[in-house]
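What follows is each chain in one-letter form.
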Amino acid sequence: MYLFVTLHSEAVAGGVAKLACDITPPIVGDKATLVIWFKEGTPKPIYSYDARGGALSQAKHWADDTFGGRAFFRTADNPAQLTVESARDLDAGMYRCRVDFGRSPTRNARVNLTVIREYTEEYAKEYSKNYTVSGMPPEQLLIMDNRGEHIRHHILGPYNEGDTVEITCEASGGRPQPRVTWWTDNVMLDDSYERRSERRVQNVLRLEHLQRKQLNRQYTCKASNNMLAAPVTSSVRLDMNLRPLSVRLLGENRPFSAEKSYEVSCEVVGARPSPQISWWKGNTQLKNNKEVTSQDQNSTISTLLYSPKVDDSGMVLSCRAENPRLPNSALVDSWTLDIYHVPVVTLQLGRPLNASAMTEGVDVFFECHIKANPRIFRVGWRHERQPLIQNASAGTIISNQSLVLQSVSRARAGMYTCVAYNQEGDGESNPVRLDVKYRPVCKPGQQAVWGVGRGETITIPCDVDSNPDEVTFTWRLNTTSDSVELPASRHKADRAQSLLTHTPQSERDYGTLLCWGTNFLGQQKQPCAFLVIPAGKPNSPINCTLTNQTTESLSVACSEGFDGGVPRQEFVLELYDETSQALVSNVTARSPVFNLGGLESGLDFRVELYAYNTKGRSEAVQMHAFTLKGAERRLADDFVDPEEKAFEYLNDRRLYSTLNPRLGLYSPTTIDHVGPSMGSMAGGPKMLSTVLLC
């Protein structure tokens, strides 16, 4: 069940009936979205005001045909009211107003409208003994603009600031003819009406030089021909086009960092309708902006998404607002841009140097050109991405934004960059390659000794470092009795490498081969030397040691002996059970380092190592070793001192090599008899774990 508040309203026939309806929301921030009027006895709505999805000023009005265009819902009044012009007897009755809000509950109210048609003499005598009612009030009022067109929806305009407007109010009917006047805020503006015919009376209101303060001002025309009945009235509201009052960039003009994103806002106040806002960088318009208008439509904020570039520094960023309907209405606010950025660095060789024509011994200098905002606080230099530091004694001199390299060598060749630092970060320059030309030099790490038998042919490579690498070669053979230049037919060159084919036929073909490279700078100063000797068997491995003995593994490491002049030699370790003399393991490796695992614990072994090449094998190196017993690592009661085990070998066998006292091994020439007491010798170890026999 709904409880309705009932209001009462009266209207003179032919006048304006006003039906009040409160649309003020009970919740702050809410608003009326839909107003529907009903009349008792009529099942369907007779009028609707629909503001769903937009502002109140943009609401849609609808009226039933029974009103014939006489009804209009005025939300600017307080309270809002449905006005019905030229009220008739049939307009009287009970009306219901239903108001829907966005968030608040629906509100209903009733208005009982009474239409006064005429006054009788008896009714008039009650109020004035001297006044006699005879006649009828005016039938209707019609308000027209300066073009003579009927003003619909009671909205006058919009007109521009400074315009002059004439509004005509015409009253029809009424006996006697009515007096027509113009009012605003209960102040009469104009009472100079004119009788146009027996049924028409007009009053033309002239508004000169419209001002901003007249926006939304209501102008009311009143027509009255008696003192008892309320005058017939009709009102219009003045709508205007207004130029912006102010344009202001919000916030403080601070430096921007290049390539970052910022939101810059601009507020425009006073424009009506909402202004046209544009953003400019110099003479270039920027498009990435969005706008929000306040609820009262007096303020609009435009926000630009701005990503500054390095070259924007010093340019002007401006916000421009205008009302296109008003000429010369544009206002502008602007900032001069200050763009911070990582230093932009360019590296060049100092003139007249040519980076591709440097030779060893010349002085080179680089110039670092820097564009930075804010100022840089440091400049650094890099060679092959490694930092360079000031070192005058080494010929590296750094001065502000210049680098000097004195008497450059080929080691100074490569890529150079300079790096500038400011608070935005560090910027590295383009790389400049320093190409230092030099004579050929022998490349390190080449095989120096070559073994070859008589009648055998070998190919000896001679590699040089050279810039440029277009090199020609000369070979000579030096023997104890002679030095001979070898013919060019025996060697061929491929840039910085020469391959010599050599076949010794007699002793005179053995000796030292010398190789020189020559480029456009000249011949290399020191030749590459290769010793050619008769090939033979390799020497035995040397400096063999036994390490990392456990219950199940052994490790043996030696150094290589002479390879016999044959580049490729390999190494073999054979492990024998000392008791059964059975071969336990056989391992071949490119280097004399062996790790043997999976052995049985507590056994004695004999180790034999030798090297071999294509000419044969070396003498074997013998070592004696053993694996620890399992209990030796766990129980002290079962511990057998390995020193005693070593002493057994020293007493039972003759040693053929001097043992290293640092490893706990002693020369047999100093020992007549050894036993457990040896551990007490000066410098002697507590445990002897390794015995080496060679």
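Basis of the calculations
Residues numbered from 1 in each chain as written. Predicted model: local features only at pLDDT ≥ 70, side-chain atom pairs only at ≥ 80, totals over all residues. Heavy atoms only, no water. Buried < 20%, exposed > 50% of the residue type's maximum accessible area, 1.4 Å probe, protein only. Helix = DSSP H or I, 4+ residues; strand = E, 2+ residues; numbered from the N terminus. Pairing = 2+ DSSP bridges. Axes fitted to C-alpha atoms, helices over the stretch in contact; angles between N-to-C directions. 1 Å grid on protein atoms, 1.4 Å probe; cavity = no way out; pocket = protein on both sides within 12 Å on 5 of 7 lines; lining within 4 Å. Points joined across faces, edges and corners; volume = space filled by probe spheres on them. Core = buried A, V, L, I, M, F, W, Y, C linked by side-chain atoms within 4.5 Å. Contact = heavy atoms within 4.5 Å. Nonpolar A, V, L, I, M, F, W, Y, C, P; charged D, E, K, R; others polar. Disulfide = S-S within 2.5 Å. Salt bridge = Lys/Arg side-chain N within 4 Å of Asp/Glu carboxyl O. Polar contact = N/O pair within 3.5 Å; in protein donor to acceptor, adjacent residues only side chain to side chain. Phe/Tyr/Trp six-rings, centres within 6.5 Å; stacked < 30°, edge-to-face > 60°. Lys NZ or Arg CZ within 6 Å of the ring centre and 35° of its normal.

As named in an unreviewed UniProt entry, the protein is Nephrin-like, taken from Thrips palmi.

## A look at the pairing of strand 12 (residues 165–172)
Residues in a regular strand project their side chains so that they alternate between the two faces of the sheet. The buried fraction of strand 12 amounts to seven of the eight residues, a majority that puts the element mostly inside the structure. Bridge count between strand 10 (residues 140–144) and strand 12: five bridges; the pairing is antiparallel. Counted as the bridge partner of L141 is A171 from strand 12. Pairing between strand 12 and strand 16 (residues 200–207): eight bridges, direction antiparallel. By the bridge assignment for strand 16, A171 is matched with V201.

## So, the sheet that holds strand 10
Within a sheet, each strand pairs with its neighbour through backbone hydrogen bonds, oriented either parallel or antiparallel. Judged by pairing direction, the sheet is antiparallel, and its four strands sit side by side in the order 10-12-16-15 without closing on themselves. The sheet is open, and its two borders are formed by strand 10 and strand 15 (194–195), each paired with just one other strand.

## With respect to the pairing of strand 14 (residues 187–190)
Bridging between strand 13 (residues 179–184) and strand 14 involves three bridges; their strand directions are antiparallel. Among the inter-strand pairings, W183 is bridged to a residue of strand 14, identified as M188. With antiparallel pairing between neighbouring strands as the criterion, strand 13 and strand 14 make up a hairpin whose turn holds two residues, including D185 at a positive phi of roughly 50°.

## Re the sheet that holds strand 14
The strand order 11-18-17-13-14 describes an open sheet built from five strands, whose pairing is mixed. In this open sheet, the two strands that pair with only one neighbour each are strand 11 (155–160) and strand 14. If you compare each strand with its neighbour and ignore which way they point, the axes differ by 35° on average. Relative to strand 18 (residues 232–241), strand 11 runs parallel, the two sharing four bridges. Note on strand 18: the bridge partner recorded for L156 is L238.

## Digging into the layout of surface pockets
Here the largest pocket is characterised by a volume of approximately 1,200 Å³. The wall of the largest pocket is formed by 40 residues, among which L56, S57, Q58, T75 and R237 lie closest to the centre. Ranked by the residues each element gives to the lining of the largest pocket, the list is headed by strand 18, at four residues. Space inside the second largest pocket adds up to approximately 470 Å³. Looking at the second largest pocket, it is lined by 26 residues, and the ones nearest its centre are K18, T220, K222, T233 and S235. Going through the elements one at a time, strand 1 (5–12), strand 7 (80–84), strand 13, strand 17 (218–224) and strand 18 are the ones with two or more residues in the lining of the second largest pocket.

## A look at the nonpolar core
Among the nonpolar cores identified, the biggest contains 29 residues, and C21, I23, V35, W37, Y47, F73 and V99 are the most heavily contacted of them. Listed by contribution, the elements that provide at least two residues to this core are strand 2 (17–21), strand 3 (32–39), strand 4 (47–50), strand 6 (71–74), strand 7, strand 8 (93–101) and strand 9 (107–116). Sorting elements by how many residues they give to this core places strand 8 first, with four residues. If we skip the residues at most four places from it in the chain, V99 touches C21, D22, I23, A32, L34, V35, T106 and R107. Counting residues in hydrophobic clusters, the runner-up holds 23 residues, among them I143, A223, M240 and L242.

## Comments concerning empty space enclosed by the protein
The full count for this structure, using the stated rule, is one cavity of 30 Å³ or more. Put simply, the largest cavity is a space of about 30 Å³. What lines the largest cavity is simply E85, I143, H150, I151, H154, S234 and V236. Partitioned by chemical class, the residues of the lining of the largest cavity number three nonpolar, three polar and one charged.

## So, the environment of V607
Looking at where V607 falls in the secondary structure, it is placed in strand 53 (residues 604–613). By relative accessible area, V607 is classed as buried at 1%. Between the C-alpha atoms of V607 and L546, which are 61 residues apart in sequence, the distance is 9.8 Å. Among all residues touching V607, those that are not within four sequence positions of it are L573, E574, L575, V621, Q622 and M623.

## Remarks on the state of the cysteines
Across all of its chains, the model carries seven disulfides by this definition. Note on cysteine connectivity: C442 is disulfide-linked to C528, with sulfurs 2.0 Å apart. Taking the sign of the S-S torsion, 135° for the link of C442 and C528, the bridge is right-handed. With a gap of 86 residues between them, C442 in strand 38 (residues 436–442) and C528 in strand 47 (residues 528–533) connect regions that are remote in the sequence. Residue pairing for C462: its cysteine sulfur links by disulfide to C515, the two sulfurs lying 2.2 Å apart.

## As for the pattern of salt bridges
Scanning all chains against the criterion turns up 34 salt bridges. The shortest N-O distance in the salt bridge between E507 and R454 comes to 3.7 Å. Note that E507 is positioned in the loop between strand 44 (497–502) and strand 45 (511–519) and R454 in the loop between strand 39 (449–451) and strand 40 (458–467), a separation of 53 residues in sequence. Under the relative-accessibility criterion, E507 is labelled exposed at 62%. Where D469 meets R495, a salt bridge forms, and the shortest distance between an N and an O atom there is 2.9 Å. Of this pair, D469 sits in the loop between strand 40 and strand 41 (472–478) while R495 sits in the loop between strand 43 (491–494) and strand 44, placing them 26 residues apart in sequence.

## Some details on the side chain of D50
Note that D50 resides in strand 4. For D50, a relative accessible area of 19% translates into the label buried. Side chain to side chain, D50 and R52 meet in a polar contact 2.8 Å long. Those residues in contact with D50 that sit more than four places away from it in its chain are T33, L34, A59 and K60.

## Topic: the packing of aromatic side chains
Applying the stated criterion across every chain, the model contains six aromatic pairs. Measuring from centroid to centroid gives 4.8 Å for F256 and Y262, while their planes differ by 80°, and the two rings are edge-to-face. On the basis of relative accessibility, which here comes to 6%, the residue F256 falls in the buried class. Among the residues examined, Y262 registers a relative accessible area of 23% and is labelled partly exposed. Ring centres of F256 and Y306 lie 5.7 Å apart, and the angle between their planes is 90°; on these two criteria the pair is classed as edge-to-face. Remark: Y306 occurs in strand 25 (residues 299–306) and F256 occurs in strand 20 (residues 256–257); sequence separation between them is 50 residues. The exposure class of Y306 is buried, given its relative accessible area of 4%. Positioned over the ring face of Y438 is R410, at 5.2 Å from the centre of the ring. R606 extends its terminal NZ or CZ atom over the ring of Y576, reaching a point 4.5 Å from the ring centre.

## Digging into unusual backbone geometry
Cis rather than trans, the peptide bond between N78 and P79 has omega equal to 0°. Among the secondary structure elements, P79 is positioned in the loop between strand 6 and strand 7. Residue P374 is bonded to the preceding N373 through a cis peptide linkage, with omega at 5°. Relative to the elements of secondary structure, P374 occurs in the loop between strand 30 (364–373) and strand 31 (378–383). Despite not being glycine, R495 has its phi angle at roughly 55°, a positive value. Residue R495 is classed as partly exposed on the basis of its relative accessible area, which comes to 44%.

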